[in-house]
Amino acid sequence: NAGVMQNPRHLVRRRGQEARLRCSPMKGHSHVYWYRQLPEEGLKFMVYLQKENIIDESGMPKERFSAEFPKEGPSILRIQQVVRGDSAAYFCASSPGNQDTQYFGPGTRLTVL
Amino acid sequence: AQSVSQHNHHVILSEAASLELGCNYSYGGTVNLFWYVQYPGQHLQLLLKYFSGDPLVKGIKGFEAEFIKSKFSFNLRKPSVQWSDTAEYFCAVTRNTNAGKSTFGDGTTLTVKP
């Protein structure tokens, strides 16, 4: 059973470009979570999704950030018009249910030049 | 707002020393508690978790943690650390009434000297 997959592992963007981060949950998991880790900090919750639904987006910045988890395919975290402050590691986790243990992917390290 | 505090930002130990990493949370309701480890260059792995039952939880690699409800604490312990335990350790809390969303501490970097 493959673990949570994230791609790309490293992403470099210039200010103003768009970043798309992908997350494929573990097989059988329908709950996906996105977290952001800034340097020297812990993980901060961004958004929680189930298939085709956003359950909790209380940690998402109000502008430029969006997330989806379509019926088919991976979950996507999209950052429009990136700025240097968006540089961070973005981790995805999945679980079979909302009270279950979350299993983390390897993360995508976004660098904005 | 709920918060998780890890008191030690960086801990340095010699091999065979005992380890205790502190974790306190602020939420007063029912919680699920986790410790994760992140080895250099790798992703987060679950060390152990507490949902209910025996407050002393055994995890992988000889780690254990004790949930003390009255102190809102979930400290991680290991009697004898090894060089391979060098990593960053994160405590996390999920509220039962706000399922899914985990709040993480800022992490403790453990360096074990051979």
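Scroll up to find the structure.
Model, not experiment: these values are computed from the prediction.

(A) Spotlight on the overall build of chain B. Of regular secondary structure, chain B possesses zero helices and twelve strands. Secondary structure elements of chain B, listed N to C terminal, follow the sequence β-β-β-β-β-β-β-β-β-β-β-β. Computed over C-alpha atoms, the radius of gyration of chain B comes to 14 Å, within 12% of the 13 Å expected from 2.2 N^0.38 for 114 residues, which places it in the range of a compact globule. If you line up chain B on its principal axes, its C-alpha atoms span 45 × 30 × 20 Å. Within the span of chain B, comprising 114 residues, buried residues form 46% of the whole. Look at the contacts in chain B between residues 6 or more apart in sequence, and 54% of them connect residues 24 or more apart. Per element, the accessible surface of chain B, about 5,300 Å² overall, is 51% carbon and sulfur. Placing the 10 positive and 8 negative side-chain charges of chain B at their respective mean positions leaves the two points 6 Å apart.

(B) Molecular detail of the state of the cysteines. Taken as a whole and judged by the stated rule, the model has two disulfides over all chains. There is a disulfide in this structure between A:Cys23 and A:Cys92, and the S-S distance comes to 1.7 Å. An S-S torsion of about -55° defines the bridge between A:Cys23 and A:Cys92 as left-handed. Of the two residues, A:Cys23 is situated in strand 3 (residues 19-24) and A:Cys92 in strand 9 (residues 88-95); the sequence distance between them amounts to 69 residues. This pair shows no difference in class: A:Cys23 is buried, exactly as A:Cys92 is. Covalently, B:Cys23 is tied to B:Cys91 through a disulfide, its sulfur atoms 1.9 Å apart.

(C) Summary view of the sheet that holds strand 3 of chain A. Residue and element names in this part refer to chain A. If you trace the four strands from one edge of the open sheet to the other, you get 1-3-8-7, paired in antiparallel fashion. The strands lining the two open edges of the sheet, one partner per strand, are strand 1 (5-7) and strand 7 (65-68). Recorded for the sheet is a direction-independent mean angle of 15° between the axes of neighbouring strands. Pairing geometry for strand 3 and strand 8 (residues 75-79), over five bridges, is antiparallel. Counterpart to arginine 20 in the pairing with strand 8 is arginine 78.

(D) Region of interest: the interface of chain A and chain B. Across the boundary between the two partners, chain A contributes 22 residues, which contact 20 residues of chain B. Taken together, the two surfaces of chain A and chain B that pack against each other cover about 1,700 Å², and 49% of this comes from carbon and sulfur. Among the residues of chain A in contact with chain B, A:Gln99, A:Thr101 and A:Phe104 are the three that bury the most area, contributing 31% of the side total. Linking chain A with chain B are one salt bridge, by the criterion used here.

(E) Representation of the pairing of strand 5 (residues 31-38) of chain B. Residues and elements named next belong to chain B. Within strand 5, eight of the eight residues are buried, leaving the element largely enclosed by the surrounding structure. Every second residue of strand 5 is oriented toward a common face, with Val31, Leu33, Trp35 and Val37 on one face and Asn32, Phe34, Tyr36 and Gln38 on the other, all of them buried. Two strands pair when backbone bridges link them, and strand 5 and strand 10 (residues 87-95) are joined in this way by eight bridges, in the antiparallel orientation. Looking across to strand 10, one finds that tyrosine 36 is bridged to phenylalanine 90. Pairing geometry for strand 5 and strand 6 (residues 45-50), over five bridges, is antiparallel. Note on strand 6: the bridge partner recorded for leucine 33 is tyrosine 50.

(F) Focus on the pairing of strand 8 (residues 64-68) of chain B. Residue and element names in this part refer to chain B. Alignment of strand 7 (residues 56-58) against strand 8, held across three bridges, turns out to be antiparallel. Within strand 8, the position partnered with lysine 58 by the bridge is glutamate 64. In sequence, strand 7 turns back onto strand 8 through a hairpin of five residues, with lysine 61 there showing a positive phi of about 60°. In the sheet, strand 8 pairs with strand 9 (residues 73-78) via five bridges, with the strands oriented antiparallel. Bridging across to strand 9, phenylalanine 67 finds its partner in phenylalanine 74. Taking the residues that link successive antiparallel strands as the turn, the strand 8-strand 9 hairpin has four residues, and the phi of phenylalanine 72 there is positive, at about 50°.

(G) Spotlight on unusual backbone geometry. In this structure, A:Pro8 follows A:Asn7 across a cis peptide bond, with omega equal to -5°. With respect to the element layout, A:Pro8 can be found in the loop between strand 1 and strand 2 (10-13). In the Ramachandran plot, A:Arg64 falls in the positive-phi region, its phi being about 75° despite a non-glycine side chain. Along the chain, A:Arg64 turns up in the loop between strand 6 (53-56) and strand 7. One non-glycine residue, B:Phe72, adopts positive backbone phi at about 50°. Residue position: B:Phe72 is located in the loop between strand 8 and strand 9. Residue classification places B:Phe72 among the partly exposed positions, given a relative accessible area of 33%.

Rules of the game
Residue numbering note: each chain is counted from 1, following its sequence as written. Lettering for chains starts from A, numbering for ligands starts from 1, and both go in the order in which the items are written. Under the rules for a predicted model, residues below a pLDDT of 70 receive no local features and side-chain atom pairs below 80 are neither given nor counted, while totals for whole chains, interfaces and linings still include all residues. To obtain the side-chain values, all non-hydrogen atoms of the structure were used and water was disregarded. Each helix is a run of DSSP H or I of at least 4 residues and each strand a run of E of at least 2, with the numbering of both proceeding from the N terminus. Based on C-alpha atoms, the radius of gyration is set beside the globule rule, defined as 2.2 Å times the residue count to the power 0.38. A simple rule labels every residue: compare its accessible area, found with a 1.4 Å probe on the protein chains alone, to the largest value its type can have, and call it buried under 20%, exposed over 50%, or partly exposed in between. Two residues qualify as a contact provided that any one of their heavy atoms is within 4.5 Å of a heavy atom in the partner residue. Each accessible area is a Shrake-Rupley estimate made with a 1.4 Å probe; only the visible protein chains count as cover when residues are assessed. By the counting rule applied here, Lys and Arg register as positive and Asp and Glu as negative, while His and the ends of each chain are not counted. The location of each charge is read from NZ of Lys, CZ of Arg, CG of Asp or CD of Glu. Any two cysteine sulfur atoms lying within 2.5 Å of each other are counted as a disulfide. Here the rule is simple: two strands pair whenever DSSP picks up at least two bridges between them. Structural elements are reduced to axes, namely lines fitted to C-alpha atoms, with helices fitted over the stretch in contact, and the angle between N-to-C directions of any two is expressed from 0 to 180 degrees. Accessible area that two parts lose when put together, evaluated with a 1.4 Å probe and summed over both, is termed the buried area. A pairing counts as a salt bridge when a side-chain nitrogen of Lys or Arg comes within 4 Å of a carboxyl oxygen of Asp or Glu.

These figures capture arrangement, not role.
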